[in-house]
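# Residue-level structure breakdown
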Amino acid sequence: MILDRSWRLLRRCTLAIPLAALSAFAVAHDSSVGDIRMVHAFATPSLAGSSNGAAYFATLENTGDKPDRLLRASTPVAASVELHNMGMDPQGVMRMREVDAIVLAPKASIKMRPGMGFHLMLVGLRQPLKEGATFPMTLTFEHAGKVEVKVVVQTPRADAASAVMHMH
């Protein structure tokens, strides 16, 4: 009887420990500063021969009552980071342009995905971005201040990627 209970407890612990470790990793990958919450910072693996890359957030959220703006970003893996927006122009042509800031309205969030919308352009990569690697990125918000986030390099899921690929 005692051996049977011990065996069941051991089995539960064997399952619980890896699950706890995975959930801790998921929580640790989110960051916040002031009223701004950053969920799952990721970059796409760099293309062969490209000196540029792109980083995104599953969600960039302002939980506060006042607007804030992402003013700049920096990372040791690139010479500079530019804030970009990609979208259709009135003629139906996909265009990418650098923006001065990414505005976060109060109680609103932005989802960043490859191929459309906002992203952080990593200019002058110092090394290729390889699947599974991580790197730090410092973000500066107008009101919330500075925060360092951990960026994971990963291939986007098929349902998250647009048909328009982000080529530079």
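Conventions and cut-offs
Residues numbered from 1 in each chain as written. Predicted model: local features only at pLDDT ≥ 70, side-chain atom pairs only at ≥ 80, totals over all residues. Heavy atoms only, no water. Helix = DSSP H or I, 4+ residues; strand = E, 2+ residues; numbered from the N terminus. Buried < 20%, exposed > 50% of the residue type's maximum accessible area, 1.4 Å probe, protein only. Contact = heavy atoms within 4.5 Å. Areas by Shrake-Rupley, 256 points an atom, 1.4 Å probe, with all protein chains shown as cover. Phe/Tyr/Trp six-rings, centres within 6.5 Å; stacked < 30°, edge-to-face > 60°. Core = buried A, V, L, I, M, F, W, Y, C linked by side-chain atoms within 4.5 Å. Pairing = 2+ DSSP bridges. Salt bridge = Lys/Arg side-chain N within 4 Å of Asp/Glu carboxyl O. pLDDT = per-residue confidence, 0-100.

Let's shift gears to the overall build of the chain. Helices and strands together make up the secondary structure of the chain, namely 1 helix and 11 strands. In sequence order, the chain lays out its α and β elements as α-β-β-β-β-β-β-β-β-β-β-β. Split into buried and exposed, the 168 residues of the chain put 36% on the buried side. Put simply, of all contacts in the chain between residues at least 6 apart along the chain, 67% involve residues at least 24 apart. Just so you have it, the chain exposes about 10,000 Å², and 59% of that area is on carbon and sulfur atoms.

With that out of the way, let us pick up the packing of aromatic side chains. Any two aromatic rings considered together are summarised by their centre-to-centre distance and by the angle between their planes. If you walk through the whole model with that rule in mind, you get 1 aromatic pair. Summarising the aromatic geometry, the rings of Phe42 and Tyr56 are spaced 5.3 Å apart at their centres and angled 25 degrees between planes, so their arrangement reads as stacked. Linking Phe42 in strand β2 (residues 36-43) with Tyr56 in strand β3 (residues 52-62), this pair joins segments that are 14 residues apart in sequence.

On to the nonpolar core. Note on soluble globular proteins: their nonpolar side chains tend to be buried together. With 35 residues, the main nonpolar core has Leu120, Met137, Leu139 and Phe141 as its most contacted residues. Every element with two or more residues in this core is listed here: β2, β3, β4 (68-74), β5 (78-88), β7 (102-104), β9 (117-125), β10 (134-141) and β11 (145-153). Leu139 has contacts with Met38, Phe57, Leu70, Arg72, Ala73, Leu120, Gly145, Lys146, Val147 and Val149, leaving out every residue within four places of it along the chain.

Our next topic: the pairing of β2. Summarising burial for β2: 6 of the 8 residues are buried, a large majority. Bridge count between strand β1 (residues 31-33) and β2: 3 bridges; the pairing is antiparallel. Note that in β2 the partner of Ser32 across the bridge is Arg37. Between β1 and β2, which pair antiparallel and follow one another directly, the connecting turn spans 2 residues, one of which, Gly34, has a positive phi of 55 degrees. Where β2 meets β3, 7 bridges bridge the pair, whose relative direction is antiparallel.

Summed over all chains, the structure comprises 5 salt bridges. A salt bridge links Arg37 to Glu61; the nearest nitrogen and oxygen atoms lie 3.1 Å apart. With a gap of 24 residues between them, Arg37 in strand β2 and Glu61 in strand β3 connect regions that are remote in the sequence. Residue classification places Arg37 among the partly exposed residues on the basis of a relative accessible area of 34%. Asp65 is paired through a salt bridge with Lys107; the nearest N and O atoms lie 3.4 Å apart. Residue Asp65 is located in the loop between β3 and β4, and its partner Lys107 is located in the loop between β7 and β8 (108-110); the two are separated by 42 residues in the primary sequence.

Attention shifts here to the confidence of the model for the chain. Averaged over the chain, the pLDDT score is 83; the fraction of residues at 70 or greater is 77%. Under a pLDDT of 50 for its full length, residues 160-168 has, in the predicted model, 21 contacts with residues more than four places off or in other chains.

Two elements, β5 and strand β6 (residues 94-98), share 5 bridges in a ladder whose sense is antiparallel. Paired with Asn85 across the strands is Arg97, a residue of β6. Following β5, the chain reverses through 5 residues before pairing antiparallel with β6; Gly92 in that reversal takes a positive phi of roughly 85 degrees.

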